[in-house]
Amino acid sequence: MKKLDRFILTAFIGPFIAILVIVIFILMMQFLWVYIDELVGKGLGLGVVLEFMLLGGCTILPLALPLATLLSSMMVLGQMGDHNELMAIKSSGVSLARVMLPLMIASLVISIGAFYVGNNLVPIAWNEIYTLRDDIGRTKNEIKIPAGTFYDGIDGYVLRTETQDENGMMHGVMVYDHTSNKGNTSLSLADSAMMKMSKNKDYLTFTLFNGSNYQETNTRRYRDTTLELQRIRFDRQELIIPLKNYSFQKSDSSRFGDQVKAMRMGQLKSQKDSLERLATTARESRYTSISQYGTFSMKDQLDTAKIQERAKYKNYFEDPKYLKWDKVAAKKRAYEKAADNAERMQGSLLSYGSEVYEYYFYLRRTNIELLKKFAQALACLLLFFIGAPLGAFVRKGALGVSAIISVLFFVLYWVVDITGIKLARDGAVGAPLGTFISALVLGPIGAYLTSRAIKDATLFSNDSLLNHWRKLKSQVARLFRPKRIVFMGTPEFAVASLDALIKARYKVVGVVTVADKPSGRGLEVHESAVKKYAVEHGLPVLQPVKLKDPEFLSALAEWKADLFVVVAFRMLPEEVWGMPKLGTFNLHAALLPQYRGAAPINWAVINGERISGVTTFMIDKDIDTGGIILRHEVRIDPEDTAGDLHNRLMEVGAKLVVETTEGIFQHTVETRVQRSFIQGSEVLKPAPKLTKENTRIDWSRRTEAIRNFVRGLNPYPSAWTTLVCDGKATDVKIFAVAAKSLNDSGLPGTVVLADGKALCVKTGDGWLEVKELQLAGKKRMAADAFLRGFRDIENCKFV
C-alpha cells in the first residue's frame, strides 16, 4: 500500500467510525421512540431496555452504514481541500480519480459488510426483537391507582381512593371483591390503606386501617327472598391479592424465525419458491375448475378438435343460428340464464382472488426482503459517489453546508426508498423496481457529480444557468408570440439550414429564392433546391427577379418578419436587409474574414488549407464584412474534395444557423468586428467567383498546387485543360489526379503512359497521374476506360 493510500484511508476510518456511532445512536433513539409505548409502565429493568435498544441498533446498521459512508467521504475530501492537501496532490500529477480509489475500495468493503450484516445479523436481531416484544406484551402494566376514580387494573378487584399523600398512604379507600363473580356483594371501606407488592410481583399486600367489611350472601331461593348482610369492623386488616403476569419473564428461545425480516437469504429463497408453487397450483386448479364449469354452455367452441368436426362452419360464431331465437320468451330466458351464469362466474373469480391474495401478499414481502439485502449494500457505494465529489467541490470538512447538503441527499434516498418499498408491498410496482428505485435515482446523480469533480469542472455555472433560463424563457415566449423568420437561399447547401430551422420548431413564415429559369440543352425550366423544399412543406415562396422591385418589397413586408436568415443567396440591398427589427444574418462557408466572396469552399481547398469552417455574421452594405456572430471550425483532410467539404460544412452550418437564431432571440450573442480575428501579419485571401478563365489548369505550376486545384474544383465546376492531338484540340475536365514518381523528362503538359496503363502528365516540378476525366460531350470516366478508346495518347499533350 502506498503512503498516499495509507494517508487517505487513515483520514477516512476515524471519521467513519465516529459518524457511524453517532448515527446509530440517533437512529436507535428514533427506534426506541417508536416502541416507547410498549416499554413504559411495565416495570422493566434497565438490562431489558438496553437489550431491546442493542437489538434495535443491529437492525438499523444497514441504514446507518450508507449515511456514515456519505458523511465520512465528504469530510475526508472536504478537509483535504480545505487544508490545500488536495491541491498539492493534484499539482504533483495525481488525479482526483486516483485520490478517490482507496476510498472507493473502502466503500466497496463497507458495502460487502453491509450485505453480510443484512443477511446474517439483522435476521437474528429481528427474531430476538419479536420474541422480546411478545414477552413484554404479556407483561401487565404496573399498578398505579389514581385518586378519585374506580381502578379495575387488578383481576377480580375494583379499588377507589379519595386522596393519596406523598408517603404513599391512601385515604378514603374502597375495595370491591369480584372474585366470587356475584357482583358487588363484598365491599371493604377504610379510612386509610397502604399497598405493597412482593419482590417477585406475584401477590399484592393491601393493609387497611380503621374500616369495615360488608358482605351480602345473596343466596335467595324459591319463596325465600331474604338477604343477609354481614358487617365486620376492624382497626387493621391485610388483604392478600394474588397477581399474574406482572413480572417480566423472558423466553428461553426465539420463536419468530418464520417472519420475513427474521429470515436469511437462503430461507427467503425457499419461502419464495414455496409461495410461487402454491400460487401456481391454486391458479391451475381454479383455471381447470372454471374451464369445466357448467356456465360454459358452449365450451366446445374452445375445443379445436370438435371445431374441426364441424365441416360446414369454422366455429360457432359463423353459424347463422347463433344468438337467434324464434320467440321473445326464449330470448328472455337465454339472457336471464346468461346473466345468472355471469354472476356465478364473477363469484367464482372473486373467490379465487381471495384465495390467492394471501399467497401474493407474502410473496411480495418475501421478494422485497430478499432484494433489500442487495439494495442496502449498493446504497453504501452510491452515496460514496455523492459524498466524495461534494467534499471536493465544497472543500470544507466540518459539519457545515456540505454536511447539510449530504444529509439532504440521504433524506432523498430514504424517502424514495420508503416510497418504493411501500408501492412494491402494495403491488403497485414490481419488487425489483420498488426496491432499487432509490438506486435508479441516486445513480445518475452520483455519476454526474463524480464526473464533474474528476474533470475539475464547476458544479453549477452561473452563465450556464442564465443561458438555460434564457432558453426556457424564449421557448415559453415562442408559444405565445413566436418569432417570425423569412429564409433566403437557393442551392442544396441552403436546404439543410432551412430544414434545421423547421425541425427546431421555428416559425418560418416565408422563403425567398431565385426565379425559375431555363437551363440545359433543352432549356427546361428548373426550380431551385430551396423552392422544391419549401413547396413540399407548404411554405410561401417569393421569387423576385429584382430585389428592389416595389411589388416584391411590399409582399416581403407583409410577412412581418422579426429576422431574415440568408444562406447562399444574392447580395441584398439595404431596403431588404434593413427591414426586420432583429436584423439579417448570413451563413458564410468560411472562417471570416478569410475567403470573402462567392466560392469560399473551392478556394479553401485550392489553396491547400487544413482548416476551414462556417461563420454567421450580420449583413451590412459591403460584401461579407458585417459583424461576426459565431464561427465553427472544420478540418480539411488531405484527400478531401470541394464536394466533401461542402457536405460537412452544410451540416455544421445548419446547426450554427439554429444556434445563431436562438442566440439572437435570447439576446445572448454579440457581434465582433472582423478585423479582431486577424492574427498579426495574416494576409486575407479572397474567394472570387469561379469562371472559365480561373478554372483552367496551368501545368507549369507545382505538382501539389495542381493536385489541390483539381480537388478544389471537384465536382463542380471542375478543373479543365485542352488536349491537343495531331493539331486537334479538345477540352477535357479533370476530376482526380495523384502525384506520380517518374524519371522521364519533358515540358509541362507532356503526356506519357507509365507502366503502359497510367496516364501521367508533366507538371512544373514532377508528374501527376490522371485518375478521372471527361472529354467534351462525353461522360465522366476513369482514366483506364479513356485509354481503351484513345490510341497514341503519348503523341498528345495538355495545354
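Residues numbered from 1 in each chain as written. Predicted model: local features only at pLDDT ≥ 70, side-chain atom pairs only at ≥ 80, totals over all residues. Heavy atoms only, no water.

## Let's talk about the overall build of the protein
Logical step 1: Within the protein, the regular secondary structure consists of 20 helices and 24 strands.
Logical step 2: Burial statistics for the protein: of 799 residues in total, 42% are counted as buried.
Logical step 3: Long-range contacts, defined here as pairs at least 24 residues apart, represent 66% of the contacts in the protein between residues at least 6 apart.
Logical step 4: Summed over its atoms, the accessible surface of the protein is roughly 44900 Å², and 55% of this surface lies on carbon and sulfur atoms. (Helix = DSSP H or I, 4+ residues; strand = E, 2+ residues; numbered from the N terminus. Buried < 20%, exposed > 50% of the residue type's maximum accessible area, 1.4 Å probe, protein only. Contact = heavy atoms within 4.5 Å. Areas by Shrake-Rupley, 256 points an atom, 1.4 Å probe, with all protein chains shown as cover.)

## Comments concerning the state of the cysteines
Logical step 1: Under the criterion given, the structure shown has one disulfide.
Logical step 2: At a sulfur-sulfur separation of 1.8 Å, the disulfide partner of cysteine 725 is cysteine 796. Residues cysteine 725 and cysteine 796 are joined by a disulfide whose S-S torsion is about 125 degrees; by sign, that bridge is right-handed. Here cysteine 725 is found in strand β18 (residues 719-725), whereas its partner cysteine 796 is found in strand β24 (residues 796-798), with 71 residues between them in sequence.
Logical step 3: The exposure class assigned to cysteine 725 is buried, which follows from its relative accessible area of 11%. (Disulfide = S-S within 2.5 Å.)

## As for the packing of helix α13 (residues 492-503) against helix α18 (residues 642-666)
The axes of two packed helices give the description: the angle between them and the distance between them.
Logical step 1: In contact at an axis separation of 8 Å, α13 and α18 are set at 35 degrees when each is read in the N-to-C sense. Of the two elements, α13 crosses α18, and the hand of that crossing is right-handed. Contacts from Glu492, Phe493, Ala496, Ser497, Ala500 and Leu501 in α13 reach His646, Leu649, Met650, Gly653, Ala654, Val657, Val658 and Thr661 in α18. (Axes fitted to C-alpha atoms, helices over the stretch in contact; angles between N-to-C directions. Left-handed = near helix turned anticlockwise from the far one by under 90°.)

## Focus: the pairing of strand β22 (residues 767-775)
Logical step 1: Bridge count for strand β19 (residues 728-740) against β22 is eight bridges, and the pairing is antiparallel. Within β22, the residue paired with valine 737 across the bridge is valine 770.
Logical step 2: In textbook terms, the turn of a hairpin is the stretch between consecutive antiparallel strands, and for strand β21 (residues 758-762) and β22 this stretch comprises four residues.
Logical step 3: Both β22 and strand β23 (residues 781-782) contribute to a ladder of two bridges, which runs antiparallel. Looking across to β23, one finds that leucine 773 is bridged to methionine 781. (Pairing = 2+ DSSP bridges.)

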